[in-house]
2 protein chains.
Amino acid sequence: MPSALIVGSIALDSVETPFGKVDNALGGAASYASCVASLFAPVRLIGVVGEDFPQEQLDALAERGVDTSHVERVEGGRSFRWAGRYVHDMSQAETLDTQLNVFADFRPEIPPEWRDTEIVFLANIHPALQRCVLEQCGGAQLTIADTMNFWIQGERDELLEVLRRVDVALLNDAEVRQLTGEPALIPAGRDALALGPRYVVIKKGVHGATLLSADSLFSVPSYPVAEVRDPTGAGDSFAGGIAGFLAATEDVREPNLRRALAVGAVMASFACEDFSLRGLWDVTKHDVRQRYDELRQIALFDPL
Amino acid sequence: MPSALIVGSIALDSVETPFGKVDNALGGAASYASCVASLFAPVRLIGVVGEDFPQEQLDALAERGVDTSHVERVEGGRSFRWAGRYVHDMSQAETLDTQLNVFADFRPEIPPEWRDTEIVFLANIHPALQRCVLEQCGGAQLTIADTMNFWIQGERDELLEVLRRVDVALLNDAEVRQLTGEPALIPAGRDALALGPRYVVIKKGVHGATLLSADSLFSVPSYPVAEVRDPTGAGDSFAGGIAGFLAATEDVREPNLRRALAVGAVMASFACEDFSLRGLWDVTKHDVRQRYDELRQIALFDPL
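Computed from a prediction, not measured in an experiment: that's the story for all the values here.

The next thing to look at is the pairing of strand 7 (residues 80–86) of chain B. All names here are of chain B. Counting buried positions along strand 7 yields six of seven residues, so the element is predominantly enclosed. The pairing of strand 2 (residues 11–17) with strand 7 spans six bridges and is parallel. Residue pairing for strand 7: Val15 is matched across the bridge by Gly84. Between strand 7 and strand 8 (residues 93–99), which pair antiparallel one after the other, the connecting turn spans six residues, and His88 there sits at a positive phi close to 50°.

So, on to the pattern of salt bridges. Residues and elements named next belong to chain B. All chains considered together, the criterion is met by 32 salt bridges over all chains. Ionic pairing is found between Asp146 and Lys203, a salt bridge with its closest N-O pair at 3.3 Å. Of this pair, Asp146 sits in strand 10 (residues 142–146) while Lys203 sits in strand 12 (residues 199–203), and the two are 57 residues apart along the sequence. Each member of the pair, Asp146 as well as Lys203, is classed as buried.

Our focus in this paragraph is helix 10 (residues 285–298) of chain A. The end-to-end C-alpha distance of helix 10 of chain A is 20 Å, a good match for the 20 Å that 14 residues give at a rise of 1.5 Å each. Looking at helix 10 of chain A, one finds that the buried residues are Val288(A), Arg291(A), Tyr292(A), Leu295(A) and Ile298(A). Buried residues along helix 10 of chain A cover an arc of 110° about the axis, so they all sit on one side. Where the residues of helix 10 of chain A are buried, they touch strand 14 (216–220) and helix 9 (254–272) of chain A together with strand 14 (216–220) and helix 9 (254–272) of chain B.

What follows concerns the interface of chain A and chain B. Residue-level contacts link 35 residues of chain A with 35 residues of chain B. Buried area between chain A and chain B, both sides added, is near 3300 Å², and the carbon and sulfur share of it is 66%. It is His207(A), Phe301(A) and Leu304(A) in chain A that bury the most area against chain B; as a group they hold 26% of the surface buried on that side. Applying the counting rule to chain A against chain B returns zero salt bridges. Counting the contacts that link chain A with chain B gives 12 residue pairs in polar contact (both at pLDDT 80 or more). Among the secondary structure elements, those contributing two or more residues to the side of chain A that touches chain B are helix 7 (185–193), strand 14, helix 9 and helix 10 of chain A. For the side of chain A that touches chain B, the leading source of residues is helix 10 of chain A, giving six residues. Of the residues in the side of chain A that touches chain B, the class split is 23 nonpolar, four polar and eight charged.

Calculation rules
- Residues numbered from 1 in each chain as written.
- Chains lettered and ligands numbered in written order.
- Predicted model: local features only at pLDDT ≥ 70, side-chain atom pairs only at ≥ 80, totals over all residues.
- Heavy atoms only, no water.
- Buried < 20%, exposed > 50% of the residue type's maximum accessible area, 1.4 Å probe, protein only.
- Helix = DSSP H or I, 4+ residues; strand = E, 2+ residues; numbered from the N terminus.
- Pairing = 2+ DSSP bridges.
- Salt bridge = Lys/Arg side-chain N within 4 Å of Asp/Glu carboxyl O.
- Expected span 1.5 Å × (residues − 1).
- Arc of directions from axis to C-beta.
- Contact = heavy atoms within 4.5 Å.
- Buried area = accessible area lost by both parts, 1.4 Å probe.
- Polar contact = N/O pair within 3.5 Å; in protein donor to acceptor, adjacent residues only side chain to side chain.
- Nonpolar A, V, L, I, M, F, W, Y, C, P; charged D, E, K, R; others polar.

Structure (structure tokens):
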């Protein structure tokens, strides 16, 4: 089966929400994305951890079919740590502390035998590193890149290089507005498309996600979870669902991208229901199918 | 054919947006809603204007099948006037001036022969007046009520009485959170349902709308207009589309409510494309069908 290559952060998160807190729990964009993607397809993970990183966390990913053999462990180094808190409607994290540690010197090197991996997901890292990976992965069928406000503001030129090269750009609603200077959401998405990617995916949190291409537009609602306990990693789980599903289905045409976004929305819903990756480990394909079918019912209306 | 009864404000609006401005143009919730609803079904309009109100505006509505014979004209009175401006992403109006004038003493009286009108839409007016109309319209198949933050805060008990009696409550996302004190959108919608209405419709602007009932959930995206020139009246056009379509189709079951919301979303898109009601007058059923079909394509994704 085709695989998904995932490049990004592996972290220890301390998170507080109105529903509880965790300390030094497994986190990081690549952890969420690879845990999710591995439900659908073999995953190849590129990242870095410190000497302090619990091996059992990597082992748990490996047991799911995530190849962690190229996760670098820096002797004497400390893992990337993030601490944050969510209040009220939990739509935005307040960062309390960020310690890049070994992640500050992360230089993703893709082993030659992984360079033709079918689906590549570049989680949010410095756009110069994303570009470097894209250049190494010329054999991919589809490349997907996430980013964040920090790079849009501070590394705009590098990010524009990534957007010229990548197939799918993932942005949240604030980011696509910031990137393009266009306040209206869909026009902003169209402006982002003009920067190079074949597809732009706008992540809208509780409002779902929108997929734009030159000649199509698709909107999927979010799956209505009874209780969002910790939204950390929802966007990365969404991306991991897209990457894993596309690898498993071996079809990167637009109708299947729509299905992938819906799978991503479902995976994001599981991620939100508990802290760290706890909401994800035990999800089965049957669970996914059930929520996917519900999502189709939510979006359904008859012809006139 | 069954009719829609619409009760609410008829105003003269002065509006400024980044795309231009109008002075003393036709406005008011009931104007938008009745103009839109009359594309689908006969409309009975209840409202009040002053001596200064241009008769040709009422005549234009009457030509579309809006019965304006019970629009009260107060001799020597001045019409309700609103002035507002939208900036940046135009998601929220800044009110510059409100002159209630004759609207301050508006006491809607439903003529006996209109009291069994099939579909009733109560636009945003004082909830005590909404209740008064609901009590007069016991023969309606479906009643729909809009409201606003002002009443949620200041006339909560009266509003709760309305919610106990009405079939469909229309609220925007901020209002449903304010009403229920629940920050999460869908849970807030469920809490609002518990206050009495059979259906809650959450209006989410560019993010579309959501319909909740005890046993179903439906989300429709907004129609992607190329350029929002003036969002005034979008929510009222949405409601007018729902009311008119339900009257015309004589079916108030949930699947048809879904279709009505999609029609409403389409009508809101036309309203946004120009100032005052200019985007609405010339819309044909063919135009509606075309955007409706596009909206279905936007929401479409295949089974797994």
